[in-house]
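# A look at the structure
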Amino acid sequence: MEADHSKPLRILLVEDEPLVAMAIEDSLEVQNVGVIGPAGTVAEALDLIARGGIDAALLDVTLRGERVDSVADALSARGIPFVFTTGHGVAGLPKGHQDRPVLTKPFREVEMNDAIDRHFRGMT
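Cut-off values and rules
Residues numbered from 1 in each chain as written. Predicted model: local features only at pLDDT ≥ 70, side-chain atom pairs only at ≥ 80, totals over all residues. Heavy atoms only, no water. Helix = DSSP H or I, 4+ residues; strand = E, 2+ residues; numbered from the N terminus. Contact = heavy atoms within 4.5 Å. Polar contact = N/O pair within 3.5 Å; in protein donor to acceptor, adjacent residues only side chain to side chain. UniProt positions renumbered as here; feature names shortened; annotations may be inferred. Buried < 20%, exposed > 50% of the residue type's maximum accessible area, 1.4 Å probe, protein only. Axes fitted to C-alpha atoms, helices over the stretch in contact; angles between N-to-C directions. Parallel < 35°, antiparallel > 145°, perpendicular 65-115°, else oblique. Nonpolar A, V, L, I, M, F, W, Y, C, P; charged D, E, K, R; others polar. Arc of directions from axis to C-beta. Core = buried A, V, L, I, M, F, W, Y, C linked by side-chain atoms within 4.5 Å. Left-handed = near helix turned anticlockwise from the far one by under 90°.

As annotated in an unreviewed UniProt entry, the chain is Regulator from Azospirillum thiophilum.

## Some details on the environment of Arg100
By secondary structure assignment, the location of Arg100 is in the loop between strand 6 (82–86) and strand 7 (102–104). Not counting residues within four places of it along the chain, the set of residues in contact with Arg100 comprises Ser76, Pro81, Phe82, Phe84 and Leu93. Reaching out from Arg100, the side chain makes a polar contact with the side chain of Ser76 at a distance of 3.2 Å.

## Overview of the UniProt feature "modified residue: 4-aspartylphosphate" (unreviewed entry) in the chain
The UniProt feature table records "modified residue: 4-aspartylphosphate" (unreviewed entry) at Asp60. Inspection of the secondary structure assignment puts Asp60 in strand 3 (residues 56–60). Accessibility expressed as a relative area gives 7% for Asp60, which makes it buried.

## Some remarks on the packing of helix 2 (residues 42–51) against helix 3 (residues 69–77)
It is the contact of helix 2 with helix 3, at a shortest axis distance of 9 Å, that shows an interaxial angle of 10°. Taken together, the axis directions place helix 2 and helix 3 in an arrangement best described as roughly parallel. Within the contact between the two elements, helix 2 uses Val42, Ala45, Leu46 and Ile49 and helix 3 uses Ser70, Val71, Ala74 and Leu75. A breakdown of the residues in the contact of helix 2 with helix 3 according to their chemical character gives seven nonpolar, one polar and no charged.

## Observations concerning helix 2
When helix 2 is considered as a whole, its buried residues turn out to be Val42, Ala45, Leu48 and Ile49. The arc enclosing the buried residues of helix 2, seen along the axis, measures out at 130°, which places them on a common side. Exposed residues pointing more than 90 degrees away from the buried face of helix 2 are listed as Ala43, Ala50 and Arg51. Where the residues of helix 2 are buried, they touch strand 1 (9–14), strand 2 (33–39), strand 4 (62–63), strand 5 (66–67) and helix 3. At the C-terminal side of helix 2, Gly52 shows a positive phi close to 85°.

## Quick notes on the nonpolar core
Counting residues in each nonpolar core, the largest one holds 22 residues, and the members touching the most others are Leu12, Leu59, Val71, Leu75 and Phe84. Where this core is concerned, the elements lending two or more residues are strand 1, strand 2, helix 2, strand 3, helix 3 and strand 6. For Leu75, the contacting residues outside a window of four places in its chain are Ile49, Ala57, Leu59, Ile80 and Phe82. Membership of the second largest hydrophobic core comes to 17 residues, among which are Leu13, Ile24, Val33 and Phe107.

## Here's the deal with the packing of helix 1 (residues 18–30) against helix 4 (residues 109–119)
For the pair helix 1 and helix 4, interaxial distance at closest approach is 11 Å and the crossing angle is 55°. Of the possible angle classes, the one that applies to helix 1 and helix 4 is oblique. Considering the relative orientation of helix 1 and helix 4, their crossing is right-handed. Contacts between helix 1 and helix 4 involve Ile24, Ser27 and Leu28 from the first element and Glu109, Met112 and Ile116 from the second. In terms of residue class, the contact of helix 1 with helix 4 is made up of four nonpolar, one polar and one charged.

In structure tokens form, the structure reads like this:
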């Protein structure tokens, strides 16, 4: 089935650095992506996931020193695809999620858009 690009993809943005979150949010909106969040803490991310309405997520591995393992588990349990955003490499990913795609920080807008097209578009 063809993806409906007229309907915005709803991506949960989990990022604790406000300037990074704003830059990503701006880039996503240009790509016809509805941004949910940004969530800057694990608790906030879990709350947004519980509310539903998420198609996919961009997930920083550490939020204010707290690992996002429970967020990755919650997304996975709901069948919501996600891409990690991290500067720590695959070794720093949560156990059980090391096969997930990774955008290595700092990443360029074109790399993020490519990851969204590859991993999120065409899901519906």
